[in-house]
Amino acid sequence: MVRTKAARAILREAVTPQSALTTRNYATVSPAQASGRMHRVVLVGGGTAGLSVSHQLLRSGKFAKDDIAIIDPATWHHYQPGWTLAAGGLRNKDEFKQPLANLIDPKLKFYNTGVDSFAPEDRTVTLANGDKVTYEQLVVAPGIKTDTSSIKGLPEALADPHAPVSCVYTYETCDKVANTVQAFKKGNAIFTQPAGVVKCAGAPQKVMWLSWDYWKRNGLYDNTASSPIHISFATGLPVMFGVPKYNAILDALRKERGIDGLFQHDLVSIDGNTVTFALPDGSKVEKKFDFLHAVPKMGPHPFIKNSPLADETGYVAVNTNTLQHKKYPNVWSLGDAANIPTSKTAAAITAQTPTVVQNLMLSMENKDAPHVYDGYTSCPLTVGEKKVLLAEFKYGGEPKETFGQMFGIDQGTPRRAFFHLKKDFFPWVYKNYMVKGAWGGPKGFVR
Ligand code: UQ1
């Protein structure tokens, strides 16, 4: 049966529960309809979450060309977990970079531009160029912003090729980590982690462990105070890691390796070779450094924070189990921008994607049997010596170990096999399967 696009839209309208949200009058054609900028599903963000969800929706076979649209201003898509490997000198950062347009199936409409604002009552997104796009279902997954200017002096220090200051969290600076590590021979090395939200909360210490490994292999560090290099981990948090099981192991490793723990030290500024930390009692403390790995504050993009979709934290207000918006039932959010109390990682996206995909489709069919996300996330912690501690946990900081369940092994023990998963398998499966909607994380390949 041949149906026109308009007829399909009207049919859909009749069967879509969200049609009750807004009564649309087909006698008055909106600018979005007139220009064809009307889609069944609109995704804001073509990152790990946006690509996984859009391609899994497409794989369901229930969507026609241009039914689904992605809005993203980026030219490049980066596999950010790869940046730790670049920082450790294990891989080249350009191996993890691809043109975003190449990763988007031609059946998806791609708006290669930013979002200006959301009008959820009208089911409309206004693009940066003023165009309006309407949707039946909206998926919000634009990630978060790494704000190097949140630390006074950091942007200048990062840009100065002679300053021994680097940061794993940006494409521009992740390889500077390896360069400065390799050039460093003697003095005080400080690795920081801010108080507050960061993506992949283990990355600041992964960089430290990989640097430790390099200096140790090169005879510059022997886990004692007599080494030419002295290492400190200065974190805004009271612990090494938020999950008690893994924290105990990592803190023991820190002590065994002679690394100073400066807890509840929140980096605020860099001036020459002096860093200033804020302490919980409101006082400040200064430290001298000869090498610095600095991690800035991160937070929601202003167009999310200032939108009707955000709660008071600035993140998208969703039910933490169904990932459905608390106020607008045809809006969903996953990934770094969603207000869900779990660690922000690509592994988390593997578990959040089926929840959004299944619940969104059920909602379109007016069915109600929600798929539940349990907070699963993972942090493959490179601890040096070609070993990885594969932390996997869910809401409440409770371990949920894939290989523990399968083979009865304890993932708290750093292992070589996990190092190869992190260094070789995950980048490969991400590039060849996950961005195409064909990888389900611990559940394996998607049919
Ligand atoms: C995963 O699926 C994944 O995506 C490719 C990662 O890369 C960032 C991971 O770090 C992890 C841990 C997973 C989860 C998969 C398994 C098999 C534990």
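So, how was this worked out
As a convention, each chain's residues are numbered from 1 in the sequence order in which they are written. Totals for whole chains, interfaces and linings use every residue, but because this is a predicted model, local features are given only for residues with pLDDT of at least 70 and side-chain atom pairs only at 80 or more, for both listing and counting. Excluded from the side-chain calculation are hydrogens and water; included are all heavy atoms of the structure. Counting from the N terminus, the helices are DSSP H or I runs at least four residues long and the strands are E runs at least two residues long. UniProt positions are given in the numbering used here, feature names are shortened, and annotations may be inferred rather than shown by experiment. Think of each axis as a best-fit line through the C-alpha atoms, taken over the contacting stretch in the case of a helix, with angles from 0 to 180 degrees between the N-to-C directions. With respect to orientation, any angle under 35 degrees is reported as roughly parallel, any angle over 145 as roughly antiparallel, any angle of 65 to 115 as roughly perpendicular, and every other angle as oblique. Here is the rule for handedness: rotate from the far helix to the near one, and if that takes an anticlockwise turn smaller than a right angle the crossing is left-handed, while a clockwise turn gives right-handed. Contact definition: two residues touch when any of their heavy atoms are within 4.5 Å. Burial status follows relative accessibility: with a 1.4 Å probe on protein chains alone, a residue under 20% of its type maximum counts as buried, one over 50% as exposed, and anything between as partly exposed. At least two bridges found by DSSP between two strands are what make those strands a pair. Orient the strands so they point away from the viewer; a crossover is then right-handed if the path from the first strand over the helix to the second runs clockwise.

## Thoughts on unusual backbone geometry
Okay, step 1: Within the chain, R123 stands out as a residue other than glycine whose phi angle is a positive 55°.
Okay, step 2: The topology assignment puts R123 in the loop between strand 6 (115–119) and strand 7 (124–127).
Okay, step 3: Positive phi outside glycine occurs at C200, with the angle close to 40°.
Okay, step 4: Structurally, C200 can be placed in the loop between strand 11 (187–193) and helix 8 (203–217).

## Let's talk about the UniProt feature "domain: FAD/NAD(P)-binding" (unreviewed entry) in the chain
Okay, step 1: The UniProt entry lists residues 40–158 under the feature "domain: FAD/NAD(P)-binding" (unreviewed entry), expressed in the numbering used here.
Okay, step 2: The annotated region residues 40–158 carries 24% helix and 34% strand content, and the separation between its end C-alpha atoms amounts to 43 Å.

## Re the packing of helix 3 (residues 48–59) against helix 11 (residues 346–364)
Okay, step 1: At a closest axis distance of 9 Å, the pairing of helix 3 and helix 11 adopts a crossing angle of 40°. By the angle between their directions, the pair helix 3 and helix 11 is classed as oblique. Like other packed secondary-structure pairs, helix 3 and helix 11 cross with a definite hand, here right-handed. Between helix 3, through T48, A49, S52, V53, Q56 and L57, and helix 11, the contact on the second element is made entirely by A346, I349, T353, P354, V356, V357, L360 and M361.

## As for the side chain of D266
Okay, step 1: Note that D266 resides in strand 14 (residues 266–271).
Okay, step 2: According to the relative accessible area criterion, D266 is buried, its value standing at 14%.
Okay, step 3: Ignoring any residue separated from it by four or fewer positions in sequence, one finds D266 in contact with P194, A195, G236, T276, F277, A278 and K297.

## Brief notes about the packing of helix 7 (residues 171–183) against helix 8
Okay, step 1: Contact geometry for helix 7 and helix 8: axes closest at 10 Å, N-to-C directions at 35°. As helix 7 packs across helix 8, the resulting crossing turns out to be right-handed. For the pair helix 7 and helix 8, contact is made by V177, V181 and Q182 and by V207, S211, Y214 and W215, respectively.

## Quick look at the environment of D424
Okay, step 1: Its location among the elements puts D424 in helix 13 (residues 416–432).
Okay, step 2: D424 gets classed as partly exposed once you look at its relative accessible area, which sits at 32%.
Okay, step 3: Linking D424 and D147, residues 277 residues apart in sequence, is a C-alpha distance of 29 Å.

## Details of the pairing of strand 2 (residues 68–71)
Okay, step 1: Taking every second residue as pointing to the same face, both faces of strand 2 are buried, with I68 and I70 on one and A69 and I71 on the other.
Okay, step 2: Judged from the four bridges that link them, strand 1 (residues 38–44) and strand 2 form a sheet pairing that is parallel. Following the sheet pairing, V42 is matched in strand 2 by A69.
Okay, step 3: As for the winding sense of the linkage, the β-α-β connection from strand 1 through helix 3 to strand 2 is right-handed.
Okay, step 4: Two elements, strand 2 and strand 5 (residues 109–111), share three bridges in a ladder whose sense is parallel. The residue bridging I70 from the neighbouring strand is F110, located in strand 5.

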